[in-house]
Amino acid sequence: MKYQNPVVSGFYPDPSVCESNGKYYLVCSSFQYFPGVPLFESGDLVNWKQIGYVLTRKSQVMLDKINSSGGVFAPTIRCVNGRFYMVTTNDTTHQNFYVWTDDIHGEWSEPIYVDQGGIDPSLFEEDGRVYFMSNGADDNGVGGVVQCEIDIATGKKLSPSRCIWQGSGGRYLESPHLYKINGTYYLMAAEGGTEYGHMITCARANSVWGPFEGNPRNPVLTNRNKAPFIIQGIGHGDLICDKHGDWHVLSLGFRQQHIWRPYHHLGREVFLTPVQFGADGWFTCGNDGTTDEFYEIKGDFEQKPQLEFTFANTRWDVEWCFMRHPHMENYELSDEKAVLHGTAVTLDDVDSPTFVAMRQREFHMEMKSDVRVDGGIGGLTVLITENEHYDILLEQNETGCSAVLMLNIGGIKHRQNSIAITGNSAQLIIRADCFGYSFFVAQDGKETQLGYGSTKYLSSEVAEGFTGVMTGLFAVNGTAEFTNFSCCYKNA
Ligand code: 6LW
């Protein structure tokens, strides 16, 4: 059947995948957001359903007042003898750690730390021995893909850390994963940086310690020369064999706003590309080493992305998340409504404002909610960092209540428009296409447009960092009640 990329849309970067009992499991990085490390399940590699998060307790990850795009970097998921492991880096504390669970739908363990530096850690198990690799420097200071053997029960190193490969020459060697396929060890990695030059490269060896020989045709997958084309930045991936014996790479990539507009604001998303092993033992990806929008995959099923999100059809502990460690006493969340108690912390602060959000999944979106404020501020936001976000809100003070559009770009906080409303409740609406967001307030069925903000200024190219736009509800100071919420997408 034919499927369309991305297979997971919106800010879900650095995918890693494993298989267990006929199901596939996928994790992504989450940076300053909590809970950390979104976890998905799939029966076919194309339809992915988020089943929760891996890091659900404060004791598992330090996120207090960390910078945006700090915190939880690229995770790896592996299943070893029925036990799942998720290994990642807290880039703010410079710690590599893993957690485990025997129940993929349950809670995960407390963190087990590994005394090897670098980022993008991964695990490889063979005959009861577990190898831990990351992109960093070995015990002699040699940089590259660095590996040690560990005791999986304690995280203790059982060997020195040794550099096993230095890549094909691209900058930012990252995301190493090791596999044994038909008796050969394959090391796959990303190079070029997670922007337009991103790529996947590969090396192979006859021993787990190398020597690794780079594929003479590296990179094996990149969209860096594919233009004009929406899908760019393909890299950082993980290999997976499906139930028909066909290989695929699940990688990150992004969709720029238009073929002639090299900005992306939806973050790095998840792409599925077919992989073919050749007679020479090397594998190739896609048709020509690039990732396309459409591919065929074996199986009789349909691709059914979720396009409508409401309070009733989402779970607060699955699709939604918070900024850094939330103060849960400020949230009353149910199937009918969200009541947010604001504090003095705002969306502009490197802290935990009263804010609950989902990823923006597609360019074409309509998000709306009835909002009632009781003192203070409450509204809807599209936010990529504390410096770049557009907010439509109700503000109540002694003189009455207003609907306000705030455009925050590069630290400039601009009050674009403000109109008085009757009472203290109204419907707030954000409509988006690939170029911009339009903001409306409605009372008694009458809509008034408050203004417009370009998507360009909420893009990674402008805002920097590793995240994508979040669609959120927020409150500052007073209390805000949200009802009749929906966020609908058109896959155009
Ligand atoms: C991640 C690195 C990368 O750790 O970006 O795309 C970093 N590659 O591998 C953050 O997502």
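Whatever comes next refers back to the structure up there.
Calculation criteria
Position labels on residues start from 1 in each chain and follow its written sequence. Only residues with pLDDT of 70 or above have their local features reported here, since the model is predicted, and side-chain atom pairs are shown and tallied only from 80 upward, although totals for entire chains, interfaces and linings are computed over all residues. To get the side-chain values, all heavy atoms of the structure are used, and hydrogens and water are removed first. A pair is scored as a salt bridge if a Lys or Arg side-chain nitrogen falls within 4 Å of a carboxyl oxygen belonging to Asp or Glu. Think of it this way: any DSSP run of H or I at least four residues long counts as a helix, any run of E at least two long counts as a strand, and we number them from the N terminus. Working definition: with a 1.4 Å probe on protein chains only, accessible area under 20% of the residue-type maximum means buried, over 50% means exposed, and in between means partly exposed.

## As for the pattern of salt bridges
Under the criterion given, the structure shown has 25 salt bridges. The residue Asp139 makes a salt bridge to Lys157 at a minimum N-O spacing of 3.3 Å. Taken together, the residues Asp139 in the loop between β12 (129-137) and β13 (143-150) and Lys157 in the loop between β13 and β14 (162-165) connect sequence positions 18 residues apart. For Asp139, a relative accessible area of 48% puts it in the partly exposed group. Close ionic contact of Arg217 with Asp280 constitutes a salt bridge, the shortest N to O distance being 3.2 Å. Of the two residues, Arg217 is situated in the loop between β18 (213-214) and β19 (231-241) and Asp280 in the loop between β21 (269-277) and β22 (283-285); the sequence distance between them amounts to 63 residues. If you follow the salt bridges from partner to partner, you end up with Glu366, Lys368, Arg431 and Glu447 in one network.

## Structural notes on unusual backbone geometry
Between Gly210 and the following residue, Pro211, the backbone shows a cis peptide bond with an omega angle of 5 degrees. Mapped onto the secondary structure, Pro211 falls in the loop between β17 (199-205) and β18. Of note, the bond from Asn218 into Pro219 is cis; its omega dihedral lies within 30 degrees of zero at 0 degrees. Its location among the elements puts Pro219 in the loop between β18 and β19. Non-glycine residue Asp14 carries a positive phi angle of around 55 degrees. Inspection of the secondary structure puts Asp14 in the loop between β1 (2-4) and β2 (16-20). Within the chain, His236 stands out as a residue other than glycine whose phi angle is a positive 40 degrees. Turning to its location among the elements, His236 is positioned in strand β19.

Interpretation in functional terms is not warranted from these geometric data alone.
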